[in-house]
Amino acid sequence: MAGIYIHVPFCKKKCLYCDFYSIGTSSKISQYPILIEKELSLRKNFIANQRIDTIYFGGGTPSQLEPLQIDYMLKSISKEFYISHDTEITIEVNPDDISEELLQGYRLAGVNRISIGIQSFIDDELLFLGRRHNAQAAEQSVILALNNGFKNISIDLIYGLPNSSIDSWRYSLEKAFSLNIKHLSCYHLTYEEGTVFGRRLKNKKIEEIDESISIQQFDLLRELSIKTGFTQYEISNLAKENYHSRHNTSYWQGISYLGLGPAAHSYNGDKREWNSSSYNDWAQGIESEKPALEYEILDEQTKFNELLLTHLRTIWGLNLLSLKKDFNKTLVNQMLKSAEPYLKTGKLSIVDDCLRIPSKYLFTSDGIIGELIQIDD
Ligand code: SF4
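Conventions and cut-offs
Residues numbered from 1 in each chain as written. Predicted model: local features only at pLDDT ≥ 70, side-chain atom pairs only at ≥ 80, totals over all residues. Heavy atoms only, no water. Helix = DSSP H or I, 4+ residues; strand = E, 2+ residues; numbered from the N terminus. Rg over C-alpha atoms; globule rule 2.2 N^0.38 Å. Buried < 20%, exposed > 50% of the residue type's maximum accessible area, 1.4 Å probe, protein only. Contact = heavy atoms within 4.5 Å. Areas by Shrake-Rupley, 256 points an atom, 1.4 Å probe, with all protein chains shown as cover. Lys, Arg positive; Asp, Glu negative; His and termini not counted. Charge placed at Lys NZ, Arg CZ, Asp CG, Glu CD. Domains from an automatic or database assignment. Buried area = accessible area lost by both parts, 1.4 Å probe. Salt bridge = Lys/Arg side-chain N within 4 Å of Asp/Glu carboxyl O. Polar contact = N/O pair within 3.5 Å; in protein donor to acceptor, adjacent residues only side chain to side chain. Phe/Tyr/Trp six-rings, centres within 6.5 Å; stacked < 30°, edge-to-face > 60°. Lys NZ or Arg CZ within 6 Å of the ring centre and 35° of its normal. Near = heavy atom within 4 Å. Nonpolar A, V, L, I, M, F, W, Y, C, P; charged D, E, K, R; others polar. Core = buried A, V, L, I, M, F, W, Y, C linked by side-chain atoms within 4.5 Å.

Talk me through the overall build of the protein; I want residue IDs and the actual numbers.
Counting its regular elements, the protein contains 14 helices and 15 strands. In terms of C-alpha radius of gyration, the protein reaches 21 Å, essentially the compact-globule figure of 21 Å for 377 residues. Principal axes of the C-alpha set define a box for the protein whose edges measure 55 × 50 × 45 Å. Scored against the burial criterion, the 377 residues of the protein give a buried share of 52%. Put simply, 70% of the contacts in the protein that link residues at least 6 apart link residues at least 24 apart. Looking at the protein as shown, the accessible area adds up to about 17,900 Å², and 48% of this sits on carbon and sulfur atoms. Distance between charge centres in the protein, computed from 40 positive and 49 negative side chains, equals 1 Å.

Here's what the structure looks like:
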């Protein structure tokens, strides 16, 4: 079982907080599906002979592509791999790109899951983030997707905005839960170097939210999700029963995936590859049949640490029996020793041979996992 990720790097406008690789919309868009087809045929052996369980068009802004272009890439994939009617095929869309025609076209192409970049249902917050849409367009986009036959709809929200409050976060969450969505991804605002927000923070033009408010917003997310029948299956991801994102889950469960497009990453259990973050270098590499990418062969310790980083952020946790079977005793024992203080305070628990961070402590999971990571002296 494996996944395919296609990074669509085109954005009409750069959002102020965003550090995803993107470039403006340009004539490059028309050539994109052909380059992806070529890259696929050059790099398909990375996940050779595996059934494709998920295909994900992420970005950037995939909804800058026409349905025919999505159809072209899906057909290219199906020439190389087996795609069943059950394969999860997701496209990320921006609310103000959505139209009935676009949605119908994506559905006809085979897309069966839509992920809408809503971020907030409050106009002032959307303006602050530098988003192109307003709150009304956000709500309308979900309704339009539902009316055009998409049952599996996910939306993204951002919390922890400066000047946001518990009440403003409650408003966006209640609006989200009132719509017939099946999946919700909620990310805390981060200030990445190289972004406008990163610079504004450095120059003291904006201030980070007080951590106590962030924690209360996270707790509110947990409280409302339980009331509305969502399960928080990972620190930032919640879903109705049977609607976990297979794409995201495959990352956390160590399933192989092939990433296509500039800046896309790939993983197959033993090796990680990452494509050049320059569109031109990436495109030239594909044209000359020498993909512009770097790679890392994963040693045992790196694999072990990656397993901690991914599994402990989920409700499924880390299966200790598999860990003991797959890794050397010293690594496992050292990690369990580091876990002892957290097991005593309840910030870690062992249930059914799985090491887990109880959901109320997930917000602080980075700190806990950081203590368990094994680094050579
Ligand atoms: S947040 Fe999305 S739409 Fe905004 S710049 Fe980043 S990738 Fe583009």
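Still to come is the rest of the account.
Break down the domain arrangement of the protein for me, citing the residues and quoting the values.
Domain assignment breaks the protein into domain 1 (2–251) and domain 2 (300–372). Its C-alpha centre places domain 1 at a distance of 28 Å from the equivalent point of domain 2. Taken together, the contacts link 16 residues of domain 1 with ten residues of domain 2. Interface area, domain 1 with domain 2, both sides summed: about 1,100 Å², of which 68% is carbon and sulfur. At the boundary of domain 1 with domain 2, the tally comes to one salt bridge. Ionic pairing is found between Arg-313 and Glu-234, a salt bridge with its closest N-O pair at 3.1 Å. Run the count over domain 1 and domain 2 and you get three residue pairs in polar contact (both at pLDDT 80 or more).

Can you tell me about the packing of aromatic side chains, naming the residues and giving the values?
Applying the stated rule across the entire model yields 16 aromatic pairs. Both rings, one in Tyr-5 and one in Tyr-56, keep their centres 6.0 Å apart while their planes meet at 20°; by these two values the pair is stacked. Remark: Tyr-56 occurs in strand E2 (residues 52–59) and Tyr-5 occurs in strand E1 (residues 2–8); sequence separation between them is 51 residues. Judged by centre distance (5.4 Å) and plane angle (65°), the rings of Tyr-279 and Trp-282 are edge-to-face. Here Tyr-279 and its partner Trp-282 are both found in helix H10 (residues 279–287), three residues apart, which amounts to about one turn of the helix. Grouping residues by exposure puts Tyr-279 and Trp-282 together as buried. A connected cluster of aromatic rings, assembled from ring pairs, spans Phe-10, Tyr-32, Tyr-279 and Trp-282. Stacked on the ring of Tyr-295, the Lys or Arg Lys-271 has its end atom at 4.6 Å from the ring centre.

So what's going on with the side chain of Glu-306? Residues and values would help.
Topologically, Glu-306 is positioned in helix H11 (residues 300–311). Engagement of the side chain of Glu-306 in a polar contact is seen with the side chain of Arg-272, the distance being 2.7 Å. Not counting residues up to four positions away in its chain, the partners in contact with Glu-306 are Tyr-267, Arg-272 and Leu-298.

Any chance you could break down the site of the ligand for me, citing the residues and the numbers?
Every residue lining the ligand is accounted for by Cys-11, Lys-13, Lys-14, Cys-15, Tyr-17, Cys-18, Gly-59, Gly-60, Thr-61, Asn-94 and Arg-131. Partitioned by chemical class, the residues of the shell around the ligand number four nonpolar, four polar and three charged.

Tell me about the nonpolar core, and please be specific about residues and values.
Among the nonpolar cores identified, the biggest contains 86 residues, and Ile-155 and Leu-184 are the most heavily contacted of them. When residues of this core are sorted by domain, at least three fall in each of domain 1 (2–251) and domain 2 (300–372).

Any chance you could break down the pattern of salt bridges for me, citing the residues and the numbers?
Tallied over the entire structure, the rule returns 20 salt bridges. Among the salt bridges present, the one from Lys-271 reaches Glu-273, with a minimum N-O distance of 3.1 Å. On the basis of relative accessibility, which here comes to 23%, the residue Lys-271 falls in the partly exposed class. Shared partners join several salt bridges into a network, and the residues in it are Glu-39, Arg-43, Lys-271 and Glu-273.

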